[in-house]
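So you can see what is in the structure, the chains are spelled out below.
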Amino acid sequence: MPADPAHAPDATPTTGPDQAPPVQVVGMGADGWGGLPDPVRERLLAARVVLGGHRHLDLLPAVPGQVREPWGRPFRASLEALLATHRPEGGVVVLASGDPLVSGVGTTVVALLGAEHVEVVPAVSSVALARARLGWSAEQADVVTVVGRRCERVLREVAPGRRLLVLTSDATTPAEVAGLLVGAGHGDAVLCVLGDLGATTESRRTATAADWHAGRAGEAPALHVLAIEIAAAPGAEPVTSPATWAAGLPDEAFEHDGQLSKRDVRASALARLAPAPGQLLWDVGAGAGSVGIEWMRAHPTCRTVALEQHPERAERVRRNAARLGVPDLEVREGRAPEALTGLPDPDAVFVGGGATAPGLLEACRARLRPGGRLVVHGVTLETEALLAAAYAAHGGELTRLAVEHAAPIGTMTGWTPARTVTQWSWVAPPRP
């Protein structure tokens, strides 16, 4: 079933005075009022104000004098305004689905107020119920949320033999995810829609991705968890989605016009960029976006801003990112260093093209966070001279990458060299 539409990455309290009484966030299952323990019912009956979605508020019995307000859209701004209005007087309860901290409204309330000002009362989550119905342990199935997000996020998780539980937005999600799986060569993946978990109307519908995509599996209920089981061995269709998070995907995984950091030098760059959870990369002169895409594939919380001055290449980066499971990659069109203005400071920077632009390397070095990594590639004599000068002035590591691949020469085989790449990598020192 869909989680509450809450996505609040920052945890900075922004609403209400610290001395206000704690806000209680109460989880409610699909069985509604009847499924709540007596102590939780007493809290709700005694509350001065109850905030929630229309569906949750409609499940409560009437309480004379109690204020009930549904949030609106955009969700976060609406909830923030409601809390600012009602919280100072206390007695505020926020209703949520299941476990409020599983891709739920509790995450947003904590981000707005701070954990010390929030009391969370969880119910059994839809994820726990889905695992129980399927007999899948937590170790056997990973959770992906596409609530308020693009469904292509599922593609990053796809690999033979994997099991996924997808928190969905609405009834259209199974067919959309099925279409993505079919396009990636996984039409034989088994999709199970577990509807209204915990309610008297609970249902289960199972079909292959191909059947869901073709409309042969019927309609999904609005509230559901989508379970996906990928076949352990590839089916008849060619699989096009990479099944690895290791650096250095085949060049064929990317749509490109020749402006692509090739596989071997890309793996070398990523080894030095060192993706880490939650960190931000600037991919400057992105070309096909391969380095920024692989940075984000390394961990679900890695972020990339790709800078590309050519609109057609920028659009190609967006397509590659979506197809390879990282649709949240941000593309900014413009020429560096001017296009860097207004971006948050990065943890790493890759300059794959345009390194000779006046002031670019200096701007990247100045903006790097302490311990941040800079990797620059060059193939021209002019860029090589620039990188040699940077190495002499700032240290770091200067490497020439010469790669050769075996290829036919008549009836025999010989080595075909790729263009040599000069690579300068540098780590920002701690700031005073």
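Up top you'll find the structure we're talking about.
The rules behind the values
Residues numbered from 1 in each chain as written. Predicted model: local features only at pLDDT ≥ 70, side-chain atom pairs only at ≥ 80, totals over all residues. Heavy atoms only, no water. Salt bridge = Lys/Arg side-chain N within 4 Å of Asp/Glu carboxyl O. Helix = DSSP H or I, 4+ residues; strand = E, 2+ residues; numbered from the N terminus. Buried < 20%, exposed > 50% of the residue type's maximum accessible area, 1.4 Å probe, protein only. Pairing = 2+ DSSP bridges. Axes fitted to C-alpha atoms, helices over the stretch in contact; angles between N-to-C directions. Contact = heavy atoms within 4.5 Å.

(A) Up close: the pattern of salt bridges. Applying the stated criterion across every chain yields a total of 22 salt bridges. A salt bridge links R318 to E333; its shortest N-O distance comes to 3.5 Å. On the criterion of sequence distance, the pair formed by R318 in helix α10 (residues 311–323) and E333 in strand β13 (residues 330–333) is long-range, its members being 15 residues apart. Residue class for R318 comes out partly exposed when judged on its relative accessible area of 31%. Looking at E333, the relative accessible area reads 42%, which means it is partly exposed. Here R367 ties to D345 by a salt bridge, and the two come within 2.6 Å at their closest N and O atoms. Here D345 lies in the loop between β13 and β14 (348–351) and R367 lies in helix α11 (residues 360–367), a separation of 22 residues in the sequence. By relative accessible area, R367 is classed as partly exposed at 23%. Through salt bridges with shared partners, a single network forms among E255, D257, R313, R316 and R319.

(B) Representation of the sheet that holds strand β16 (residues 397–401) in the model. Strand order in the open sheet made by the seven strands is β13-β12-β11-β14-β15-β19-β16, with mixed pairing throughout. Both edges of this open sheet fall to β13 and β16, since each of them pairs with a single strand only. Pairwise comparison of adjacent strand axes, ignoring direction, gives a mean angle of 15° for this sheet. Bridge count between strand β11 (residues 280–284) and β14: four bridges; the pairing is parallel. By the bridge assignment, D283 is partnered in β14 with F350. Contacting β11, β12 (303–308), β14 and β15 (373–378), helix α9 (residues 290–297) runs over the sheet at an angle of about 165° to β11. The strands touched by α10 are β12 and β13; relative to β13, the strand with the most contacts, the crossing angle is about 180°.

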